[in-house]
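Remarks on the overall topology
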Amino acid sequence: MGLGSLKRAVFVACVLPALWLFGRGITDGLGANPIEEVTHQTGIWTFRFMLGTLAITPLRYLTAWGRLVPLRRMVGLFTFFYACLHFLTYGVDYWFFDLDAIIDDVINRPYITAGFTGFVLLIPLAFTSTHAMVRRLGGRRWQQLHRLVYLSAGAGAAHFLWQTKIDLRRPGIYIGWLALLFGIRLWERFGSRWWRRVTG
Amino acid sequence: MLIQHPPGIASSEITEERIFLNRREFIHSAAGATLGVAAGSFSLGKDAEAMSLGQQEILNVQPGPFGTDEPKNSFEDITSYNNYYEFGLDKRDPSRNAHALTTSPWTIRVDGHVAKPADYHIEDLLKGIPFEERVYRLRCVEAWSMVIPWVGFPLSTLINRFQPTSNAKYVEFTTILRLSEMPGARRPVLDWPYVEGLRIDEAMHPLTILAVGLYGKTLLNQNGAPMRLVVPWKYGFKSIKSIVQMRFTADQPRTAWNKATPNEYGFFANVNPTVNHPRWSQRSERRIGRFFRQPTLMFNGYDDQVASLYNGMDLRRFF
């Protein structure tokens, strides 16, 4: 498969969850509390896309599959897309952006604080995702800026964990995957060098 | 005046709680062992039993007090969006899984500080009790709400019959625990069985009812068949479902959610928009079926009836 058709295939795959949710919406298939269901679904898909974005670099280490890297920007932007849907649903839910209620939430509800932080951190990343912006910032500075994605993912994980009522198994599985992806990076950056030194 | 003292019960006669709560499982397995290979007829019997458990019309339901003219939620919403963790954590799980629960025969153990402790058959308990329709708001601690036309009767009617002694300061309620029919209870999400409790004055309050039906028909299992508590001024988790035990105690019962996370779920759990859950706001709620959230009312709008129960109490401390 050429890069162009691979990109098209991944694009379609990334749109499907939103389409499926929309389809359930227009066929009355979202249950008794539709806004809650849309909030949950857009939230969980944001986290899945975040995992997908962060999996591309470790996959390259492990499989030398360099051809995945051009997809990273698209998957990353879809993470932002689902995060926007998630935030919009929340905003509409609170009386079409009742600012008092939202500010109260962002300040006083740790899980909202964390989720909002994760979302805000994605904005500069989406804004600087174009080739022109990479050139303008310079590769090094661009890369430093884009390390914010780790903070954003960590904030998203805290958001997921804190809003869970009692059963931590589900967020635990997702956060386990995130920890694995972080771990591979840390190993690649520090651990392997250290290992070579000790084994000399 | 004739005062009847019930015969004392030797502690060796008292069934251990776990076995008691699982007694149908025990009866089933015992029956299976006796019948040996009669598994076929056994399952046939179960099917016949299941069919007879379909919803029945409740006759002679009188309109009751404290109603609301807010639009009622649909039967579909009330029976498909439930928290009943013994059947699973998803809101739709109870409607998918609860049909497996056998609710007949059903006995309720009454014990503790009462003059008439016994294992009562539910039919005997309900005999002669006039049923009322009570249209109540239900506010879940998760910030959604419904309006539900319950069929039931005041809890005080039964309590008076059991004759609690002056030591009875609280009532502790327990939900059935039957692992073979409750897939969600096989995981230790909460410390099963589910336990809830009320102070005796809350239990005797005319708003507090035991419900046996809704929309004029017997309850479906996901709503707490055959009989559940409804305390409309408290968060929904207080309104315990499928009750198999009522114990009258001197000390405050240790309730399931309070044991799980005491800083999040208090014993009283009165609906209160000014005391937030530590992790989310209780200022507003979504009425199921409506698009926009609405403000949450003190005591879920029943403050005229119940505020006096808590005179002088710091409701931030006793949340």
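Above this text sits the structure in question.
The text that follows walks through the structure, step by step, so that each part is easy to find. (Residues numbered from 1 in each chain as written. Chains lettered and ligands numbered in written order. Predicted model: local features only at pLDDT ≥ 70, side-chain atom pairs only at ≥ 80, totals over all residues. Heavy atoms only, no water.)

1. Re the environment of Leu 161 of chain A
- Here Leu 161 of chain A lies in helix α8 (residues 148–163).
- Residue Leu 161 of chain A is classed as partly exposed on the basis of its relative accessible area, which comes to 39%.
- Counting along the chain gives 14 residues from Leu 161 of chain A to Ile 175 of chain A, while the straight-line C-alpha distance between them is 8.6 Å.
- If we skip the residues at most four places from it in the chain, Leu 161 of chain A touches Leu 168, Pro 171 and Ile 175 of chain A together with Arg 279 of chain B. (Helix = DSSP H or I, 4+ residues; strand = E, 2+ residues; numbered from the N terminus. Buried < 20%, exposed > 50% of the residue type's maximum accessible area, 1.4 Å probe, protein only. Contact = heavy atoms within 4.5 Å.)

2. What to know about a positive patch on the surface
All names here are of chain A.
- On the surface, Arg 140, Arg 147, Arg 189, Arg 193, Arg 196 and Arg 197 cluster together into a positively charged patch.
- Sort the elements by how many residues they give to the positive patch and helix α9 (residues 169–199) lands first, with 4 residues.
- Topologically, Arg 189 is positioned in helix α9.
- By relative accessible area, which is 48% here, Arg 189 ends up partly exposed. (Patch = residues over 30% accessible without salt bridge, like charges linked within 9 Å, V, L, I, M, F, W, Y side chains within 5 Å. Areas by Shrake-Rupley, 256 points an atom, 1.4 Å probe, with all protein chains shown as cover. Salt bridge = Lys/Arg side-chain N within 4 Å of Asp/Glu carboxyl O. Lys, Arg positive; Asp, Glu negative; His and termini not counted. Charge placed at Lys NZ, Arg CZ, Asp CG, Glu CD.)

3. Observations regarding the layout of surface pockets
Residue and element names in this part refer to chain A.
- One number sums up the size of the second largest pocket: a volume of about 1100 Å³.
- Around the second largest pocket, the lining is made up of 34 residues, and of these Thr 57, Arg 72, His 146, Val 149 and Tyr 150 lie nearest the centre.
- Contributing elements (two or more residues each) for the lining of the second largest pocket: α2 (34–63), α3 (72–93), α5 (110–127), α6 (131–137), α7 (139–146), α8 and α9.
- Among the residues making up the lining of the second largest pocket, the classes are represented as 17 nonpolar, 9 polar and 8 charged. (1 Å grid on protein atoms, 1.4 Å probe; cavity = no way out; pocket = protein on both sides within 12 Å on 5 of 7 lines; lining within 4 Å. Points joined across faces, edges and corners; volume = space filled by probe spheres on them. Nonpolar A, V, L, I, M, F, W, Y, C, P; charged D, E, K, R; others polar.)

4. A look at empty space enclosed by the protein
- The full count for this structure, using the stated rule, is 3 cavities of 30 Å³ or more.
- Roughly 410 Å³ of internal volume is contained in the largest cavity.
- Looking at which element gives the most residues to the lining of the largest cavity, the answer is strand β5 (residues 144–154) of chain B, with 4 residues.
- The residue inventory of the lining of the largest cavity, partitioned by class, reads 18 nonpolar, 6 polar and 4 charged.
- Of the volumes computed, that of the second largest cavity is approximately 40 Å³.
- Every residue lining the second largest cavity is listed: Tyr 94, Trp 95, Ala 101, Asp 104 and Asp 105 of chain A together with Ser 281, Arg 283 and Ser 284 of chain B.

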